[in-house]
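# Results of the structural survey
This is what each chain is made of:
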Amino acid sequence: MSAWTRAADLAGALLLLLGCLQCLLGVLGMLLLPDVLARSHSATKPQTLGLLLIVAGVALRLRNGIDNGTLALVVFFQFLTAPVASHLVARSAYRTRQLVAHDLIRDDLDPQLSPEDEDGGGAPEAGDAPRP
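As the structure is a computational prediction, the values presented were derived from the model and not from experiment.

## Here we look at the side chain of Gln 47
- Looking at where Gln 47 falls in the secondary structure, it is placed in helix H2 (residues 36-62).
- Taking relative accessible area as the criterion, Gln 47 reaches 18% and is therefore assigned buried.
- Residues contacting Gln 47, with those up to four places away along its chain left out, are Cys 23, Gly 26, Val 27 and Ser 42.

Below, the structure written as structure tokens:
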């Protein structure tokens, strides 16, 4: 085994370890953070970075073109689907009034979702019950 192969194996193992730790931090954030938006952030950002580190580590260990192409597809679809899933979770939490309005710095959905001819539209307030 050459020195370059050993260095690539060591770097791959280190990236695998860092990726696993990053995913663990994301899971801890999902368990410990207080509200839906913070948990949604913790579910996507660290998990995506952790997966990227794990895939880079696996790619350094495999060193095969076909396998690395498959890993690139995994990263592409993760980057494509994770932000969309996080956005849908946050938007559904907003629509079911699981958020407190004064916690939001900027509310772009209030004008879009509040009907002008109905009462009770707009941003959720503290203590509001969820919409049916």
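Back to the text.
## Focus: the environment of Lys 45
- Structurally, Lys 45 can be placed in helix H2.
- Through-space distance from the C-alpha of Lys 45 to that of Ala 82 is 8.4 Å; in sequence the pair is 37 residues apart.

## Things to note about the packing of aromatic side chains
- Tallied over the entire structure, the rule returns 1 aromatic pair.
- A centroid spacing of 5.2 Å and a plane angle of 70° characterise the contact between Phe 76 and Phe 77, whose relative ring orientation is edge-to-face.
- For Phe 76, a relative accessible area of 47% gives the class partly exposed.

## Notes on the pattern of salt bridges
- Tallied over the entire structure, the rule returns 2 salt bridges.
- Residue Asp 9 is joined to Arg 61 by a salt bridge in which the shortest nitrogen-to-oxygen separation is 3.6 Å. Of the two residues, Asp 9 is situated in helix H1 (residues 3-32) and Arg 61 in helix H2; the sequence distance between them amounts to 52 residues.
- On the basis of relative accessible area, Asp 9 is assigned to the buried category, the value being 16%.
- Residue class for Arg 61 comes out partly exposed when judged on its relative accessible area of 43%.
- A salt bridge links Arg 63 to Asp 9, with the shortest nitrogen-to-oxygen separation between them at 3.1 Å. Taken together, the positions of Arg 63 in the loop between H2 and helix H3 (65-95) and Asp 9 in helix H1 put the pair 54 residues apart, joining distant regions of the chain.

## Some thoughts on the environment of Ser 86
- Relative to the helices and strands, Ser 86 is located in helix H3.
- Residues Ser 86 and Leu 37, spaced 49 residues apart in sequence, show a C-alpha to C-alpha distance of 8.8 Å.
- Separated by 2.6 Å, the side chains of Ser 86 and Ser 40 make a polar contact.

## A look at H2
- Given a rise of 1.5 Å per residue, 27 residues ought to cover 39 Å, and the 38 Å separating the end C-alpha atoms of H2 matches this to within 8%.
- Every buried residue belonging to H2 is among Ser 40, Ser 42, Thr 44, Pro 46, Gln 47, Thr 48, Gly 50, Val 55 and Gly 57, and all of these are buried.
- If you follow the buried residues of H2, they end up packed against H1 and H3.
- Where H2 ends, the next residue or the one after it, Arg 63, has phi of about 55°, a positive value.

## Things to note about H3
- Under the 1.5 Å per step criterion, the end-to-end length of H3 is 45 Å for 31 residues, consistent within 8% with the ideal 45 Å.
- Leu 71, Val 75, Ala 82, Ser 86, Ala 90, Ala 93 and Tyr 94 are the residues of H3 that are buried.
- Just past H3, the residue Arg 97 takes up positive phi, approximately 60°.

## Focus on the state of the cysteines
- Going through the model one piece at a time under the given rule, you end up with 0 disulfides.
- Distance from the sulfur of Cys 20, which forms no disulfide, to the nearest cysteine sulfur (Cys 23) is 6.6 Å.
- The class for Cys 23 is buried, based on a relative accessible area of 17%.

Quick notes on the rules
- Residues numbered from 1 in each chain as written.
- Predicted model: local features only at pLDDT ≥ 70, side-chain atom pairs only at ≥ 80, totals over all residues.
- Heavy atoms only, no water.
- Helix = DSSP H or I, 4+ residues; strand = E, 2+ residues; numbered from the N terminus.
- Buried < 20%, exposed > 50% of the residue type's maximum accessible area, 1.4 Å probe, protein only.
- Contact = heavy atoms within 4.5 Å.
- Phe/Tyr/Trp six-rings, centres within 6.5 Å; stacked < 30°, edge-to-face > 60°.
- Salt bridge = Lys/Arg side-chain N within 4 Å of Asp/Glu carboxyl O.
- Polar contact = N/O pair within 3.5 Å; in protein donor to acceptor, adjacent residues only side chain to side chain.
- Expected span 1.5 Å × (residues − 1).
- Disulfide = S-S within 2.5 Å.

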